[in-house]
There are 2 protein chains.
Amino acid sequence: MTSDLLSELRAAIGEGAVLTDPTDMAAYVTDWTGSFTGSALAVVRPASTAEVAAAVRLCAEAGVGVVPQGGNTGLVGGGVPDPDGSQVVLSLGRMRRVREVDPVADTLVVEAGTPLATVQEAAAAAGRLFPLSLGSEGSCTIGGTIATNAGGTAVLRYGMMRELVLGLKVVLPDGRVWDGLRPLRKDNTGYDLKQLFIGSEGTLGVVTAAVLRLLPATPRRATALVALDSVEAATTLLPLLRKHGGGQLTTWELLGRQAVDLVLTHLPALRDPFSQRHEWYGLVELAGTSTDVDERLETALEAAASQGLLLDAVVAGSPAQRESLCALREGVSEAQKSEGATLKHDITVPIRALPRFVAEVGPTLLAALPGLRLVTYGHVGDGNLHYNLSAPVGDDAALRRAAPTLTRMIYEAVTVLGGSISAEHGIGALKRDAAAAYKTGVEIDLLRAVKQAIDPDGVMNPRKLFPVREASRS
Amino acid sequence: MTSDLLSELRAAIGEGAVLTDPTDMAAYVTDWTGSFTGSALAVVRPASTAEVAAAVRLCAEAGVGVVPQGGNTGLVGGGVPDPDGSQVVLSLGRMRRVREVDPVADTLVVEAGTPLATVQEAAAAAGRLFPLSLGSEGSCTIGGTIATNAGGTAVLRYGMMRELVLGLKVVLPDGRVWDGLRPLRKDNTGYDLKQLFIGSEGTLGVVTAAVLRLLPATPRRATALVALDSVEAATTLLPLLRKHGGGQLTTWELLGRQAVDLVLTHLPALRDPFSQRHEWYGLVELAGTSTDVDERLETALEAAASQGLLLDAVVAGSPAQRESLCALREGVSEAQKSEGATLKHDITVPIRALPRFVAEVGPTLLAALPGLRLVTYGHVGDGNLHYNLSAPVGDDAALRRAAPTLTRMIYEAVTVLGGSISAEHGIGALKRDAAAAYKTGVEIDLLRAVKQAIDPDGVMNPRKLFPVREASRS
């Protein structure tokens, strides 16, 4: 049966496109964080939508689950097969062509396996901007960013990946192809089917191509790091920055003291730009086409200072200075990795609730595990915190023991405040039980109804997104 | 049975909230264009989500279809009941409260029956902008604009209603309530359920409240009317206007000669701002916070002139001048109504295909009906044309006879070019057969699967969106 499927797959998409040797498959069955390792019946690497369709159809007929995979850079194990070796990994890595850039319509047509950075470059070559930007942009694929509805640092201005997609081509769980690869900005002829697949984490079909939106290039940037006395100062500053930013505010990031300390410790090339230590910092950036952005930033900072919201501020006077300010924010993840055991949470709360969340949750976590280090940073404009925890100095084991309790405390607080336990990383395998536990029964019923409608036989990415056995509240 | 339902509805939501007298129901069973007239078992006017839920549950239990209705300003008969008098109209008109405006998070919470204009005013009172703008904004409701994914004149900059919705509360077809009334900009915990209901035209549930996005106010506007020699000049100008607009380009509208002639004939207060007649006109507007918009418009027009793309241009020097330029565009619909029989088409094609569409379709229509007047105008930036036809002078009957043929010719051309036969008005009753005829079998299957998953008993807005008996192409 299994060998039948393998030979049918080889016949359909070519001998070399079906990997079964464990060495060849190794890179596809473990995620890049190393937290998720599975095993696969085979890894298939189709080169066209027709080949994807053929592969999915054969798997569906054989009753074998299909795990779509882009750059394998996900953080929640969504693209890794189950450990039992019963599933086929479908890698889009050979479909990496930018098919068309249309500078009149401001659209770009691209195959799903194309790296995000390639799309950014194609947009730039046409004098345009593709604004989605992630740490993994060199490796992650467009298909993966669509399947996970990726976010990043410019969501405040440009929205998530969902808002950048105009059309999709999708192979459905039975191997049929839905051709919604349309560049239309307006099409009210029924439910917006592409929305089903964006953010579905491979559980409803395989995206093989997309039409993306392009935006005006913003070569001129004005950047500042400001020192703040509280998270509340950061949320209070948001409307002020927006007002003076005139639509050019791109970034408003928060950085806690311990995050900065870790960066300064582990990335010795960086220095604290202020003479005094502060509890909180904000990184603000405006981007546009002219020096207008510099004037707007200056006006905004003056207004902020006159309202007593700034303890200090440093404006980048050169691209190099900008890089070093941004590096303080971008270095957190790497610095934290060097500091021992880490427990990460990617959460959103309503923006107004950010100060209360930080003020209330921190002390309860510290009470549960004295010495715990709260490495708090994130995107103020989206209400999204990377609320990460580092182990007490020298005691990684303590963090590992306390992890389930700490995570539960955080998720409870997020839920009480009306937030989300996964802002931009998704559910995958990591959060499938937690996500179900914090959703209402009605919402779970709706999610399951959609899954059942599109993938009744459960071919696509089995046991992701939905718990095998679910819990639910009311 | 019917009288049982009526008394249960009265018991659940109050005697005065259940209308059955034909005189009382008249305004709810005919649409405002007068093209669609139905008949209802009752019109119910609940005052809360709980009352909506109770009414829907009772109808579902009785096997009676529910037709949700907002301001009854739709253009495709989507909110009007069937003629057989078997359905209940559910009017949201009593749920008209703006519950909250949050200037930090830039969000607004509103009940579904609130008029769009009320939301615009609430945003303005908080120094913010709610950018959706429609001719019917004084009467149409937020629930209606969500159910139809409304568009309008600022889509180029701000997108459709879909892009302005953060959260929804929805009564499902069985009377349960899905509470997705969240203000979160990031929430990747499963399929984005709200997307199902946006643009679903009342066929999946009843939206009772929404969280909407607010944007920076743009009090300063720079407006010009330009004369063009072709549609191609309008599409060629688009990237140039965007480039110089620096993200502040809000409007880029196209107006054909015959549209302007009708306006000048029927709205005698208006005058042609140019000394010569031209075949095509473009209305461009930038909006922002400072005189920057004036400078940007000037630069853009200079660049356009230096490339030979402009035949002439007039820049509004005062708010009154702006009004009179915009009135040329806004007056088309009214002027056309005074000119006799009209056949309207709300279509999109890929932006690059606009010139070809206009060049190829016009002559074939004129060949089919000599004397036909092509009243072409629309939103260049969205590829959306209101491709309207006026009868040959004095021969309304000829247009009525030719209407099915002319519409079919237009829809065929739209489909060949990869466009949509409904850009922003929706399907409703008017286009349900046509929409199915131009969709693939796979797409129709997906649409039906979603309907079946969420509303298996067909309670919500029966016989809208989907044809009773469908045609499909391959």
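- For chain A, the name recorded in an unreviewed UniProt entry is FAD/FMN-containing dehydrogenase, with Nocardioides albertanoniae as its organism.
- Of the comments in the UniProt record for chain A, the one headed Cofactor (unreviewed entry) reads "FAD".
- Checking UniProt for chain A, the heading Sequence similarities (unreviewed entry) contains the comment "Belongs to the FAD-binding oxidoreductase/transferase type 4 family."

**A word on the UniProt feature "domain: FAD-binding PCMH-type" (unreviewed entry) in chain A**
Piece 1. Within this numbering scheme, the UniProt entry marks residues 36-217 of chain A as carrying the feature "domain: FAD-binding PCMH-type" (unreviewed entry).
Piece 2. For residues 36-217 of chain A, helix accounts for 21% and strand for 26%, while the C-alpha atoms at its two ends are 38 Å apart.

**Thoughts on the interface of chain B and chain A**
Piece 1. Taken together, the contact pairs 79 residues of chain B with 79 residues of chain A.
Piece 2. Both sides of the chain B and chain A interface together cover about 6,400 Å² of buried area, and 58% of this is carbon and sulfur.
Piece 3. Summed over the shared surface of chain B and chain A, the result is 16 salt bridges.
Piece 4. The partner of Asp192 of chain B in a salt bridge is Arg162 of chain A, with the nearest N and O atoms 3.2 Å apart.
Piece 5. Counting the contacts that link chain B with chain A gives 46 residue pairs in polar contact (both at pLDDT 80 or more).
Piece 6. Secondary structure elements with two or more residues in the side of chain B that touches chain A: β5 (98-102), β9 (177-180), α7 (194-197), α8 (231-245), α10 (292-306) and α16 (441-454) of chain B.
Piece 7. If one sorts the elements of the side of chain B that touches chain A by residue count, α16 of chain B sits on top with 10 residues.
Piece 8. Looking at the side of chain B that touches chain A, its residues break down into 31 nonpolar, 23 polar and 25 charged.

**Observations concerning the domain arrangement of chain A**
Reports often express the size of an interface as the amount of accessible area lost when the parts come together.
All names here are of chain A.
Piece 1. The domains assigned to chain A are domain 1 (2-91), domain 2 (98-216), domain 3 (220-334) and domain 4 (340-416).
Piece 2. Computed over C-alpha atoms only, the centres of domain 3 and domain 4 are separated by 23 Å.
Piece 3. Across the boundary between the two partners, domain 3 contributes 17 residues, which contact 17 residues of domain 4.
Piece 4. Roughly 1,400 Å² is buried in total at the junction of domain 3 and domain 4, and carbon and sulfur atoms are behind 68% of that figure.
Piece 5. It is Thr235, Leu254 and Gln258 in domain 3 that bury the most area against domain 4; as a group they hold 32% of the surface buried on that side.
Piece 6. At the boundary of domain 3 with domain 4, the tally comes to 6 residue pairs in polar contact (both at pLDDT 80 or more).

**Comments concerning the relation of the copies chain B and chain A**
Piece 1. Here chain B sits on chain A after a turn of 180° about the axis and a move of 0.0 Å along it, with an RMSD of 0.0 Å. One copy is carried onto the other by what is essentially a two-fold rotation axis. When each C-alpha of chain B is compared by its distance to the rotation axis, Ala453 of chain B comes out closest, at 2.9 Å.
Piece 2. When you check the interface residues of chain B against chain A, 100% turn up at the interface there too, and the contact is symmetric in its surfaces.

**A word on the packing of helix α16 (residues 441-454) of chain A against α16 of chain B**
Piece 1. Following both chains from N to C, one finds α16 of chain A and α16 of chain B inclined at 145°, their axes separated by 9 Å at the closest point. Read as a crossing pair, α16 of chain A and α16 of chain B show a hand that is right-handed. Across from Leu446, Ala449, Val450, Ala453 and Ile454 of chain A in α16 of chain A, the residues of α16 of chain B making contact are Leu446, Ala449, Val450, Ala453 and Ile454 of chain B.

**Some thoughts on the sheet that holds strand β6 (residues 107-111) of chain B**
Residues and elements named next belong to chain B.
Piece 1. Taken together, the 5 strands give an open sheet; going across it, the order is β5-β6-β10-β8-β9, and neighbouring strands pair in antiparallel fashion. The open sheet has two edge strands, β5 and β9, and neither has a second partner. Averaged over all pairs of adjacent strands, the angle between their axes in this sheet comes to 10°, without regard to strand direction.
Piece 2. Taken together, the 4 bridges between strand β8 (residues 165-171) and β9 define a ladder with antiparallel strand orientation. Following the sheet pairing, Leu168 is matched in β9 by Gly180.
Piece 3. Where helix α4 (residues 116-125) meets the sheet, it contacts β5, β6 and β10 (206-213), and its direction lies at approximately 150° from that of β6.

**Topic: the environment of Leu238 of chain A**
Piece 1. Within the fold, Leu238 of chain A resides in helix α8 (residues 231-245).
Piece 2. By relative accessible area, which is 0% here, Leu238 of chain A ends up buried.
Piece 3. Between the alpha carbons of Leu238 of chain A and Val380 of chain A there is a distance of 7.8 Å; along the sequence they are 142 residues apart.
Piece 4. Sequence-distant contacts of Leu238 of chain A, defined by excluding residues within four places in its chain, comprise Leu156, Leu249, Trp252, Ile351, Val380 and Gly381 of chain A together with Val104 of chain B.

**Considering the nonpolar core**
Piece 1. If you look at the biggest cluster of nonpolar residues, it comprises 252 residues, and the most contacted ones within it are Phe130 and Phe357 of chain A together with Phe130 and Phe357 of chain B.
Piece 2. Among residues more than four places away in sequence, those in contact with Phe130 of chain A are Leu116, Val119, Gln120, Ala123, Ile142, Met161, Leu164, Leu212, Arg213 and Leu214 of chain A.

**Thoughts on the pairing of strand β12 (residues 220-228) of chain A**
Residue and element names in this part refer to chain A.
Piece 1. By the criterion of burial, β12 is predominantly enclosed, with 7 of the 9 residues buried.
Piece 2. Relative to strand β14 (residues 280-288), β12 runs antiparallel, the two sharing 9 bridges. Considered in β14, the bridge of Arg221 is made with Ala287.
Piece 3. Pairing geometry for β12 and strand β15 (residues 312-315), over 4 bridges, is antiparallel. Following the sheet pairing, Val226 is matched in β15 by Ala313.

**With respect to α16 of chain A**
Piece 1. Counted at 1.5 Å a residue, the expected span for α16 of chain A with its 14 residues is 20 Å, and the 20 Å between its end C-alpha atoms agrees.
Piece 2. For α16 of chain A, the set of buried residues is Gly441, Val442, Glu443, Ile444, Leu446, Leu447, Ala449, Val450, Lys451 and Ile454 of chain A.
Piece 3. Those residues of α16 of chain A that are buried lie in contact with α7 (194-197) and α15 (432-437) of chain A together with β9, α7 and α16 of chain B.

**With respect to the pattern of salt bridges**
Residues and elements named next belong to chain A.
Piece 1. Tallied over the entire structure, the rule returns 60 salt bridges over all chains.
Piece 2. A salt bridge links Asp179 to Lys169; the nearest nitrogen and oxygen atoms lie 4.0 Å apart. Remark: Lys169 occurs in strand β8 (residues 165-171) and Asp179 occurs in strand β9 (residues 177-180); sequence separation between them is 10 residues.
Piece 3. Overall, Asp179 belongs to the partly exposed group, its relative accessible area being 41%.
Piece 4. Residue Arg257 is joined to Asp272 by a salt bridge in which the shortest nitrogen-to-oxygen separation is 3.8 Å. With Arg257 in helix α9 (residues 257-266) and Asp272 in the loop between α9 and β14, this residue pair connects regions lying 15 residues apart in the sequence.
Piece 5. A relative accessible area of 25% places Asp272 in the partly exposed class.

**Some remarks on helix α11 (residues 319-330) of chain A**
Piece 1. Helix length check: α11 of chain A, at 12 residues, gives a terminal C-alpha distance of 16 Å against a target of 16 Å (1.5 Å per residue), a fit within 8%.
Piece 2. Among all positions in α11 of chain A, only Arg322, Leu325, Cys326, Ala327, Leu328 and Arg329 of chain A are buried.

**Points about the packing of aromatic side chains**
Remark: the centre distance and the inter-plane angle together describe each pair of aromatic rings, the angle taken between the planes.
Piece 1. With the rule as written, the count across this model stands at 10 aromatic pairs over all chains.
Piece 2. For the pair Tyr411 of chain A and Tyr438 of chain A, a centre-to-centre distance of 6.0 Å together with 85° between the ring planes defines the contact as edge-to-face. In this pair, Tyr411 of chain A is assigned in helix α14 (residues 396-416) and Tyr438 of chain A in the loop between α15 and α16, connecting sequence segments 27 residues apart. The residues Tyr411 of chain A and Tyr438 of chain A share a single accessibility class, namely buried.
Piece 3. Each ring, one from Phe357 of chain B and one from Tyr387 of chain B, has its centre 5.1 Å from the other, and the planes form 70°; the classification is edge-to-face. Of the two residues, Phe357 of chain B sits in helix α13 (residues 354-368) while Tyr387 of chain B sits in strand β19 (residues 384-390), which places them 30 residues apart along the sequence. Of the two residues, Phe357 of chain B and Tyr387 of chain B, neither departs from the other in class, the shared state being buried.

**Considerations on the pairing of β5 of chain B**
Piece 1. Of the strand pairs in this sheet, β5 of chain B and β6 of chain B are connected by 4 bridges, and their pairing is antiparallel. By the bridge assignment for β6 of chain B, Glu100 of chain B is matched with Val109 of chain B.

Parameters at a glance
Residues numbered from 1 in each chain as written. Chains lettered and ligands numbered in written order. Predicted model: local features only at pLDDT ≥ 70, side-chain atom pairs only at ≥ 80, totals over all residues. Heavy atoms only, no water. UniProt positions renumbered as here; feature names shortened; annotations may be inferred. Helix = DSSP H or I, 4+ residues; strand = E, 2+ residues; numbered from the N terminus. Contact = heavy atoms within 4.5 Å. Buried area = accessible area lost by both parts, 1.4 Å probe. Salt bridge = Lys/Arg side-chain N within 4 Å of Asp/Glu carboxyl O. Polar contact = N/O pair within 3.5 Å; in protein donor to acceptor, adjacent residues only side chain to side chain. Nonpolar A, V, L, I, M, F, W, Y, C, P; charged D, E, K, R; others polar. Domains from an automatic or database assignment. Least-squares fit on C-alpha atoms with pLDDT ≥ 70 in both. Axes fitted to C-alpha atoms, helices over the stretch in contact; angles between N-to-C directions. Left-handed = near helix turned anticlockwise from the far one by under 90°. Pairing = 2+ DSSP bridges. Buried < 20%, exposed > 50% of the residue type's maximum accessible area, 1.4 Å probe, protein only. Core = buried A, V, L, I, M, F, W, Y, C linked by side-chain atoms within 4.5 Å. Expected span 1.5 Å × (residues − 1). Phe/Tyr/Trp six-rings, centres within 6.5 Å; stacked < 30°, edge-to-face > 60°.

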